[in-house]
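Listed below, chain by chain, are the residues.
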Amino acid sequence: MTAIRATERLHMTGDPPPRPAEDFDEVFDVYFAEIHRYAAKRLGPDAADDVAAQTFLEAFRQRRRYDPERGNVRTWLFGIATKVVGRHKRAETRALRARARLGPGRHAEEHHERVDSRVSAEGLRVELAGAIAELPPGQRDVLLLVALAELSHDEVAAALGISYGTVGSRLNRARIKLRKALGGTNPMLILEENHG
């Protein structure tokens, strides 16, 4: 079955998407682009290929341990992807801080292309990138799963293996810190404008 037919099946009949243990090639076809986009938004286009590939390699290796009671395949894959991104978090944090240091101006313009290929959270405003870099990893993961992957609180909870309340708490703390760092501006509106 093609990825298009699998997606159509989900949207038209309500049938669940393929299970990783049964049809992993179909799981790959249906979800690879979405996981790749999320990785690109977090770590930039160069790292996205590696993160997406590593995510699906780990998912393939763990496919028999997938538990549909904990969440759907998409959520499970975002959980794996977030863990893979976490391994790259030092690079992400350095890139966000670099973006914040560059700021607007001639020097930033000269290095714009070079930095864009390596910078996490491409397209973020300078202030927002710096503020996100300063968030604790748990808050950053929740914020970016909501803002970039557009996961619901339930999906984030399942993806990260945390409670629904913890998702809300971490997201609220992240928003408060970002709003303070941005002088009262709503950080979610900026994220939506830049990635929406």
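Calculation notes
Residues numbered from 1 in each chain as written. Predicted model: local features only at pLDDT ≥ 70, side-chain atom pairs only at ≥ 80, totals over all residues. Heavy atoms only, no water. UniProt positions renumbered as here; feature names shortened; annotations may be inferred. Helix = DSSP H or I, 4+ residues; strand = E, 2+ residues; numbered from the N terminus. Buried < 20%, exposed > 50% of the residue type's maximum accessible area, 1.4 Å probe, protein only. Contact = heavy atoms within 4.5 Å. Areas by Shrake-Rupley, 256 points an atom, 1.4 Å probe, with all protein chains shown as cover. Salt bridge = Lys/Arg side-chain N within 4 Å of Asp/Glu carboxyl O. pLDDT = per-residue confidence, 0-100. Phe/Tyr/Trp six-rings, centres within 6.5 Å; stacked < 30°, edge-to-face > 60°. Core = buried A, V, L, I, M, F, W, Y, C linked by side-chain atoms within 4.5 Å. Axes fitted to C-alpha atoms, helices over the stretch in contact; angles between N-to-C directions. Parallel < 35°, antiparallel > 145°, perpendicular 65-115°, else oblique.

- In the nomenclature of an unreviewed UniProt entry, the protein corresponds to RNA polymerase sigma factor from the organism Actinomadura vinacea.
- Taken verbatim from the UniProt record of the protein, the Sequence similarities (unreviewed entry) comment is "Belongs to the sigma-70 factor family. ECF subfamily."

### Considerations on the overall build of the protein
- A tally of regular secondary structure across the protein gives 11 helices and 0 strands.
- For the protein, the N- to C-terminal ordering of α and β elements is α-α-α-α-α-α-α-α-α-α-α.
- Counting all 196 residues of the protein, 44% fall into the buried class.
- Taking the contacts inside the protein whose residues are at least 6 apart along the sequence as the reference set, 66% of them involve residues at least 24 apart.
- Carbon and sulfur atoms make up 49% of the accessible area of the protein, which totals about 10400 Å².

### Here we look at the pattern of salt bridges
- Under the criterion given, the structure shown has 4 salt bridges.
- In this structure, arginine 87 engages glutamate 58 in a salt bridge whose closest nitrogen and oxygen atoms are separated by 2.6 Å. Placement of arginine 87 in helix α4 (residues 73-87) and of glutamate 58 in helix α3 (residues 45-62) is noted, with a sequence separation of 29 residues between them.
- The class for glutamate 58 is buried, based on a relative accessible area of 11%.
- Look at the salt bridges and you will find they share partners, linking Glu34, Arg74 and Glu155 into a network.

### Describing the environment of alanine 39
- In this structure, alanine 39 sits in helix α2 (residues 24-43).
- Taking C-alpha positions, alanine 39 is 8.0 Å from aspartate 49, a pair spaced 10 residues apart along the chain.
- In this view, alanine 39 contacts Gly44, Ala48 and Val51; residues no more than four positions away in its chain are not counted.

### Describing the confidence of the model for the protein
- With 71% of its residues at a pLDDT of 70 or more, the protein has an overall mean of 78.
- Contacts for the low-pLDDT stretch residues 106-124, under 50 throughout, to residues beyond four places or in other chains number 45 contacts.

### Points about the packing of aromatic side chains
- Applying the stated criterion across every chain yields a total of 7 aromatic pairs.
- Measuring from ring centre to ring centre gives 5.2 Å for phenylalanine 24 and phenylalanine 60, while their planes differ by 75°; the resulting arrangement is edge-to-face. One end of the pair, phenylalanine 24, is in helix α2; the other, phenylalanine 60, is in helix α3, with 36 residues separating them in the sequence.
- Judged by relative accessible area, phenylalanine 24 falls into the buried class, the value being 13%.

### Points about the nonpolar core
- Counting 48 residues, the largest nonpolar core has Leu77 and Phe78 as its most contacted members.
- Looking at which element gives the most residues to this core, the answer is α2, with 9 residues.
- The contacts of leucine 77, once residues within four sequence positions are left out, are Val27, Tyr31, Ile35, Thr55, Phe56 and Ala59.

### Considering the packing of helix α8 (residues 137-147) against helix α10 (residues 164-181)
- Where α8 meets α10, the closest approach of the two axes is 8 Å, and the angle between their N-to-C directions is 95°. Taken as axis vectors, α8 and α10 run roughly perpendicular relative to one another. Only Val167, Arg170, Leu171, Arg173, Ala174, Lys177 and Leu178 of α10 make contact with α8, whose side of the interface consists of Gly138, Gln139, Val142, Leu143 and Val146.

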